[in-house]
Amino acid sequence: MTLNHPELPGCVLILHWSVEVCSEGGVTPKMELLTKIPEKALKLFPSQAVGGAAEAFQSLLRVLGSEAAIEAVIMAVSLSPDT
């Protein structure tokens, strides 16, 4: 799933969700949040918020679960940059 905001061109969050199935029948889901941020934007906003997005998402997964963590990311991307 790819998430972006129309007012932030080139800034993209990619949610990668895979499922591993072992030969014994065990199923392990794996979710990762990947960022694609233009170099110019990183120089303008050198904060930890962008760089720490993957780690923050993993924390959300542990605390909220997959559905609520995904919803939180979608809501964050949907907000206007002015709010």
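The structure we're discussing is the one just above.
Conventions and cut-offs
Residues numbered from 1 in each chain as written. Predicted model: local features only at pLDDT ≥ 70, side-chain atom pairs only at ≥ 80, totals over all residues. Heavy atoms only, no water. Pairing = 2+ DSSP bridges. Helix = DSSP H or I, 4+ residues; strand = E, 2+ residues; numbered from the N terminus. Expected span 1.5 Å × (residues − 1). Buried < 20%, exposed > 50% of the residue type's maximum accessible area, 1.4 Å probe, protein only. Arc of directions from axis to C-beta. Axes fitted to C-alpha atoms, helices over the stretch in contact; angles between N-to-C directions. Parallel < 35°, antiparallel > 145°, perpendicular 65-115°, else oblique. Left-handed = near helix turned anticlockwise from the far one by under 90°. Contact = heavy atoms within 4.5 Å. Nonpolar A, V, L, I, M, F, W, Y, C, P; charged D, E, K, R; others polar.

## Re the pairing of strand β3 (residues 27–36)
At step 1: Pairing of strand β2 (residues 12–21) with β3, which is carried by 10 bridges, proceeds in the antiparallel orientation. The residue of β3 that forms the bridge with Trp17 is Met31.
At step 2: Between the antiparallel neighbours β2 and β3 lie five residues, among them Gly25 with a positive phi of about 100 degrees.

## A few points about helix α4 (residues 66–78)
At step 1: Between the first and last C-alpha of α4 there are 18 Å, a value that for 13 residues agrees with the 18 Å anticipated at 1.5 Å per step.
At step 2: What α4 keeps buried is the set Ala69, Ile70, Val73 and Val77. Seen along its axis, α4 keeps its buried residues to an arc of 100 degrees; they face one direction.

## Some details on the packing of helix α3 (residues 53–64) against α4
At step 1: One can describe the packing of α3 onto α4 by two numbers: an axis separation of 7 Å at closest approach and a directional angle of 135 degrees. If you check the angle between α3 and α4, you find them oblique. Crossing geometry of α3 relative to α4 is assigned as right-handed. Mapping the contact onto sequence places Phe57, Leu60, Leu61 and Leu64 in α3 and Ser66, Ala68, Ala69, Ile70, Ala72 and Val73 in α4.
At step 2: Class assignment for the residues of the contact of α3 with α4 results in nine nonpolar, one polar and no charged.

## Some points on the environment of Phe57
At step 1: Along the polypeptide, Phe57 turns up in helix α3.
At step 2: The class for Phe57 is buried, based on a relative accessible area of 1%.
At step 3: For the pair Phe57 and Leu33, spaced 24 residues apart in the sequence, the C-alpha separation amounts to 6.5 Å.
At step 4: Among all residues touching Phe57, those that are not within four sequence positions of it are Leu15, Met31, Glu32, Leu33, Ala69, Ile70 and Val73.

## With respect to α3
At step 1: Taking 1.5 Å per residue, 12 residues should reach 16 Å; α3 reaches 16 Å between its end C-alpha atoms and fits that length.
At step 2: Every buried residue of α3 is listed here: Ala53, Phe57 and Leu61. Axial view of α3: buried residues confined to an arc of 85 degrees, hence all on one face. Facing away from the buried side of α3 by over 90 degrees, the exposed positions are Arg62 and Val63.

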